[in-house]
Amino acid sequence: MAKVIMIQGTMSNAGKSLITAGLCRVFAQDGYRVAPFKSQNMALNSYVTDDGLEMGRAQVMQAEAAGIAPCAEMNPILLKPTSDVGSQVVVMGKVRCNMGAAEYYQYKKELIPEIKEAFRKLSEKADIIVVEGAGSPAEINLKENDIVNMGLAKMLGAPVLLAGDIDRGGVFAQLLGCLMLMDEDEKDLVKGLIINKFRGDKTLLEPGVKILEEKCGVPVTAVLPYIRLQVDDEDSLSDRLENRMCGGGPVSICVVRLPHLSNYTDFNVFEETGAASVRYVSKARELTGADLVILPGSKNTIADLRWLHESGMGEAVKQYAAAGGPVIGICGGYQMLGRLIRDPYHTEEGGEMEGLGLLPTVTVLLEEKTTTRTEGVFAGNAELLAGLSGKAFAGYEIHMGETLAEEEVQIWCRSGAGETQAEKTAVTDGMPVGSAETEGLSGGNAEMAKNHETAKAGEVLPAGVCCGNVYGSYIHGIFDARGIAAEIVQALARKKGVEIGEIDEIDHEAFKQSQYDILADMIRENMDMEAIYGMLREATV
């Protein structure tokens, strides 16, 4: 049975996810089979496993750090907010239902057996499990039926490291106050304190550390420095979304920060080229000077489309495209670029809403969610992005609808690995619409891609289509494969008339692994690993 250690925080964004990933990497480097675990995650950054199950992206990042394949057992409950007071509840990778906050608060205790079973299965494959909490254990209004912080720690008998964020100020009050609000049996599980995101001379911190240890009766196990790494963040709290430029270079990429933005990490790879800056923007005027505008994924496509219309951002995107500016939509953003979104089954709000009209498509929201891994190739008719022709991509799809052509439309990319898609009929409010052609496409076969350059009116569309300078795709991670982001940035630079020289073809996976090694080095240098291994030896699980 695996040994277990748990990272909790005094607040959201105290650095739990990164510390968990760092420990996973250290233990893996030391020769242990290690896995991450978070019983309940609230995030719009999600991922599809090889067996078609959905899980939080943070646990995927931690699994990558541990050197293992992600699986749904690492994140048995995923809450995907659909509004300020409600979420889609995903249990063991599959949608269970939509619930309001109060209803879920009463329901969640029924999920304890599934949490325990997920942990049991994970523990059979690991020597060490690093568990991440959520929010703060000091949220005393939510303490009853807790399944993610101290309630889970007691359930697992896990020693706890409590992390506070000194960069926000008040870290001593955070840590001491959090402990003061715990019951005695909870305090007994806290074996170490972490002061995280420290900038400056550690010697100036020593008097405070000594007083803190005296008042808490718990040792400070680590003072971790503020570190900037290019790894996947939690979506709503990432400083990437604060309209600051990420990366550098003359090519400017603007990602529209939708209210229900999801999977924004699709665009991290552009930063790694060294020739592009990425900004997340929410005001129409912020598109000025953009070389590429991206509409990202959304958990609530109709609500975000309404925001585009009402905020003026939608009109700004249309004007940008009319002036020749390239626009790419991914998943929900792809749906919004079309002429119409219909919701006959009240998957979101019901009814229908006009899209931006930049692609001749209509999307029908369905009752069943598509969650699948996808690979394929880019077609050869994409004008500005024609240099992608024949390049292979791999990624995943997470969406609640299907998109159909209203007239003949060019295919930008096509997925498939030799399987045949049978004739398929979509229904929009009882009206049958067309059928899909046989795909029969090998993932690396460029010639096959070129033989399927258009889709006819009424067809259910493949991975993505384009119309002039506007491109859409359902594939998350479509830019990650070696050479794709570099080719797009080069094409944008040529269009702009800027010489950026040759961009090394980025191995996105190798780059991420190098970041995890940097993280592990930081943990080893600044955390008392001897004390950590002592906690593991004493753990009851």
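To be clear, the structure that these remarks concern was listed above.
This write-up is about the structure you can find in this document. Since this is a predicted model, take the numbers as computed values, not measurements.

Overview of the sheet that holds strand E11 (residues 190–198)
- With respect to topology, 6 strands assemble into an open sheet ordered E2-E9-E1-E10-E11-E12, the strand pairing being parallel. The two strands at the open ends of the sheet, each matched to only one other strand, are strand E2 (34–37) and strand E12 (220–225). Sheet twist, expressed as the average angle between the axes of neighbouring strands with direction ignored, equals 20°.
- Bridge analysis of strand E10 (residues 160–165) against E11 gives 6 bridges, and the strand direction is parallel. The residue bridging Ala163 from the neighbouring strand is Ile194, located in E11.

Side note on the packing of helix H1 (residues 16–29) against helix H15 (residues 508–526)
- Close contact between H1 and H15 brings their axes to 8 Å; oriented N to C, the two are set at 90°. Taken together, the axes of H1 and H15 lie roughly perpendicular to each other. Counted together, Leu18, Ala21, Gly22, Leu23, Arg25, Val26 and Gln29 of H1 and Gln513, Tyr516, Asp517, Leu519, Ala520, Ile523 and Arg524 of H15 form the full contact between these two elements.

Points about the nonpolar core
- In terms of nonpolar packing, the biggest core is built from 74 residues, with Phe270, Trp412 and Phe479 touching the most fellow members.
- At 8 residues, helix H14 (residues 484–496) tops the list of elements feeding residues into this core.
- Residues Ala35, Val60, Tyr107 and Ile166 belong to the second largest nonpolar core, which totals 56 residues.

Some thoughts on the pairing of strand E19 (residues 327–330)
- A two-sided burial pattern is seen for E19, the buried positions comprising Val327 and Gly329 on one face and Ile328 and Ile330 on the other.
- With 3 bridges connecting them, strand E17 (residues 292–295) and E19 associate as parallel partners. Directly across from Ile294, in E19, lies its bridge partner Ile328.
- Here 4 bridges tie E19 to strand E29 (residues 470–473), and the two strands are oriented parallel to one another. What sits directly across from Gly329, in E29, is Gly472.

Conventions we followed
- Residues numbered from 1 in each chain as written.
- Predicted model: local features only at pLDDT ≥ 70, side-chain atom pairs only at ≥ 80, totals over all residues.
- Heavy atoms only, no water.
- Pairing = 2+ DSSP bridges.
- Helix = DSSP H or I, 4+ residues; strand = E, 2+ residues; numbered from the N terminus.
- Axes fitted to C-alpha atoms, helices over the stretch in contact; angles between N-to-C directions.
- Parallel < 35°, antiparallel > 145°, perpendicular 65-115°, else oblique.
- Contact = heavy atoms within 4.5 Å.
- Core = buried A, V, L, I, M, F, W, Y, C linked by side-chain atoms within 4.5 Å.
- Buried < 20%, exposed > 50% of the residue type's maximum accessible area, 1.4 Å probe, protein only.

What is shown is where atoms sit, not what they do.
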